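Observations on chain architecture
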Amino acid sequence: MENKIKHEVKPYMNPYLAGFLLGVVLMITFFITGRGLGASGAIKSAVIVTVGKIAPATAQKSSFFEEYFSGAHSPLKSWLVFEVLGVLIGGFLSGFLSGRLTLKIDKGPKVKNITRLIFAVVGGSLFGIGSQLGRGCTSGAALSGMAVFSTAGFLTMMAIFGTGYIIAYFFRKLWI
Amino acid sequence: MGPLIPQDIINGDLNFFFALILGIAFGFILEQAGFSSSRKLAGVFYGYDFVVLKVFFTAGVTAATGLFFLKYLGWVNFDLLYINPLYLWSAIIGGIIMGFGFILGGFCPGTSLTAAVIGKIDAWFFIIGMFLGIFVFGVFYPFFKPLHMGSFLGSPFIYDTLGISQKWFLFWLIVIAVIAFMVTQLIEDNSTKFKELHNTQKLSLKYPVLFLFILACIALWLPQQRLSFANEKTKEVMTKVILSDKRYINTEKVAYNIINNQKDLYLIDVRSVQEYNDFHLPGANNIPLNDILNPSSLKNLVQKDKSTVLYSNSSVNADMAWFLITRYGFDNIYVLNGGLNKFYNDIFLEKKTHEGNSVEAVSEARFIKEARTFFKEGRANNESSVEKSIPKPTDAPLKAVKGGC
């Protein structure tokens, strides 16, 4: 059974080819729209709209949510939201064509499912906070910033990966 | 030429369409590269799989090199690109927190989306975490704000920060990338862990390295960077457009536009900030003549579906501003003929006589009268109360506006 599934799964693309194609897409994005690719910004829009709808009283207390009340149209009508919809479609298409659509939890061999999921939530929360301070995540700040030679992009990238390498040893049981 | 949408070369309404298409390409490539697996992503920190470094570095170098060449050829104007602003400590601390997030969560935001959509349950939880994190940041924003908005250093370029030229920076970036590829390949080959994750198409390292090396050499051997702006007009073209008076737009058209609350014109006041604050036409934006070629100003010179009209007290300063930005490469920029002085004379003083009884003359006189009441009664500042009954000035003014030189 296991073997049969593995046979149908196509191998991943050569990383250098994937990187080259991704770089070309990023360059075209800048050429057409004047801005780069991103991801966390769309989630920010979703959070702002959700909080604004469900708990307007909470939202009014912090200027972070003011876009919900002041904008001419919904924060969901933004470039990044449409781009992220595209990412979801593109990711699904790729997974479908390569036979990788399966429900599963990826984790290190020594970790229980529940541990992996708890750490995923914690890691996601940290990425949520970090991406707000860094004004973008690995895509919007680091990768897009690198493409236009921005100091902020290189600095954020070095901080992300530098920290990763420094602390990797302490969390090795999660992955190896 | 580029970027296309900020300069209105492609209609801005298509922006969301491009967002979707480019997003699909982005997501497809991320998933194809294996970024939908947290184990492969985490491998970069433990030496068993360097797919993150390979893809990320190749993409960054490719895009940076491509934009470098597009800029050199004058095909893309860097002044109009979004360059990430640098808030020093916010960027560093944000990056450190994201580093923790990466190790603990095994994803970054973009990769978690492609993983979630193909059924990775750990990615769903990561995304829930991101919602929580951003929510917490939002609720406690007053606490984060001093850090978030502090130590602002503009939007510097890395080569300026390091004090080297752009092409040398690009060269060293490529050299570092190539070394990183070779070293990590060695580490990966010697790692015995998790070979099953390396279900990847094989391709010799030779080709990417050779390709990058050629790019680096071309970048270094390029002759001196051209100094012209992206769309700079030639002297001959400028001579022609200066002699033409098509750039002038008359008082009535501008007044008509303001009164009827039509959004066809985008007014820019090129006088000083103080003069602007004392008085300006309703809806006008202020960009003083001296600042007109600043990157921040250039981004505000055109608005979607509108014709830009520059004005000053007379036509002189507006004409100078018009010259600078037209030479720089903008088209369809207009100048309010006679400036505010003529505007004031035409609308407020009853000097203008209308000879003849032709339909045009009568309706123009009636329009001026209406406009006078409008501006005098201060309704200009209260856009909602504008009445639709105000007659049009002679000839259809807006067609002429859109024609352009």
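Residues numbered from 1 in each chain as written. Chains lettered and ligands numbered in written order. Predicted model: local features only at pLDDT ≥ 70, side-chain atom pairs only at ≥ 80, totals over all residues.

**Some details on the overall build of chain B**
What chain B contains, in helices and strands, is 18 helices and five strands. A buried classification covers 42% of the 405 residues belonging to chain B. In chain B, once contacts between residues fewer than 6 apart in sequence are set aside, the share between residues at least 24 apart is 71%. (Helix = DSSP H or I, 4+ residues; strand = E, 2+ residues; numbered from the N terminus. Buried ≥ 20, exposed ≤ 12 C-beta atoms within 10 Å, placed from the backbone. Contact = placed C-beta atoms within 7 Å.)

**A closer look at the sheet that holds strand β4 (residues 307-311) of chain B**
Residues and elements named next belong to chain B. Here we have five strands laid out as an open sheet, ordered β1-β5-β4-β2-β3, and parallel in their pairing. The sheet is open, and its two borders are formed by β1 (248-249) and β3 (285-286), each paired with just one other strand. Helix-sheet contacts for helix α15 (residues 316-328) involve β4 and β5 (333-336), and the interaxial angle to β5 is about 175°. (Pairing = 2+ DSSP bridges. Axes fitted to C-alpha atoms, helices over the stretch in contact; angles between N-to-C directions.)

**Thoughts on the nonpolar core**
By size, the foremost hydrophobic cluster in this structure holds 129 residues, and its most contacted members are L26(A), A147(A), I29(B), A33(B), A64(B) and L67(B). Per element, the largest residue contribution to this core is 13 residues, and it comes from helix α3 (residues 51-72) of chain B. Not counting chain neighbours up to four residues away, the residues in contact with L67(B) comprise M27(A), F30(A), A147(A), V148(A) and V76(B). Formed by 33 residues, the second largest nonpolar core is a distinct cluster that contains L298(B), A318(B), I333(B) and A371(B). (Core = buried A, V, L, I, M, F, W, Y, C linked by C-beta atoms within 7 Å.)

**Quick word on the packing of helix α6 (residues 79-97) of chain A against helix α1 (residues 15-33) of chain B**
The interhelical angle for the contact between α6(A) and α1(B), taken along N-to-C directions, is 40°, at an axis separation of 6 Å. One way to sum up the angle between α6(A) and α1(B) is to call them oblique. In this structure, α6(A) crosses over α1(B), and the sense of that crossing is right-handed. (Parallel < 35°, antiparallel > 145°, perpendicular 65-115°, else oblique. Left-handed = near helix turned anticlockwise from the far one by under 90°.)

**Notes on α3(B)**
With 22 residues, α3(B) extends 31 Å between its outermost C-alpha atoms, agreeing within 8% with the 32 Å of an ideal straight helix rising 1.5 Å per residue. Of all 22 residues in α3(B), 20 are buried; the element is thus mostly enclosed. (Expected span 1.5 Å × (residues − 1).)

**Notes on the interface of chain B and chain A**
Counting from both sides, the interface comprises 117 residues of chain B and, opposite them, 111 residues of chain A. The dominant element in the side of chain B that touches chain A, judged by the number of residues it contributes, is α1(B), at 18 residues. Looking at the side of chain B that touches chain A residue by residue, the classes come out as 77 nonpolar, 34 polar and six charged. (Nonpolar A, V, L, I, M, F, W, Y, C, P; charged D, E, K, R; others polar.)

**A word on helix α4 (residues 88-105) of chain B**
Residue and element names in this part refer to chain B. With 18 residues, α4 should reach 26 Å at 1.5 Å per residue; the first-to-last C-alpha distance of 25 Å fits that figure. In terms of residue burial, α4 counts as a mostly covered element, since 15 of its 18 residues are buried. Downstream of α4 by a residue or two, G106 has a phi angle that is positive, lying close to 80°.

**Here we look at the environment of F140(B)**
Residue and element names in this part refer to chain B. Here F140 lies in the loop between α6 (121-139) and α7 (141-149). Among the residues examined, F140 registers 13 C-beta atoms within 10 Å and is labelled partly exposed. Distance in space between the C-alpha atoms of F140 and D49 is 38 Å, their sequence separation being 91 residues.

**Details of unusual backbone geometry**
Residues and elements named next belong to chain A. Even without being a glycine, R135 presents a positive backbone phi close to 55°. With respect to the helices and strands, the residue R135 is situated in the loop between α7 (113-133) and α8 (138-147). Phi at F149 takes a positive value of approximately 60°, unusual for a residue other than glycine. Within the secondary structure layout, F149 lies in the loop between α8 and α9 (151-168). The exposure class of F149 is buried, given the 24 C-beta atoms found within 10 Å.

**Thoughts on the environment of K107(A)**
If you trace the backbone, K107(A) turns up in the loop between α6 and α7. For K107(A), a count of 22 C-beta atoms within 10 Å puts it in the buried group. Between the C-alpha atoms of K107(A) and W175(A), which are 68 residues apart in sequence, the distance is 6.6 Å. In this structure K107(A) touches N113(A), R116(A) and D122(B), once residues within four positions along its chain are discounted.

**Focus on the pairing of strand β2 (residues 265-269) of chain B**
All names here are of chain B. Burial analysis of β2 places five of its five residues in the buried class, the great majority of the element. Every second residue of β2 is oriented toward a common face, with L265, L267 and D269 on one face and Y266 and I268 on the other, all of them buried. Pairing analysis gives five bridges linking β2 to β4, with the strands arranged parallel. If you follow L267 over to β4, its bridge partner there is V309. Of the strand pairs in this sheet, β2 and β3 are connected by two bridges, and their pairing is parallel. The partner of I268 across the bridge, within β3, is N285.

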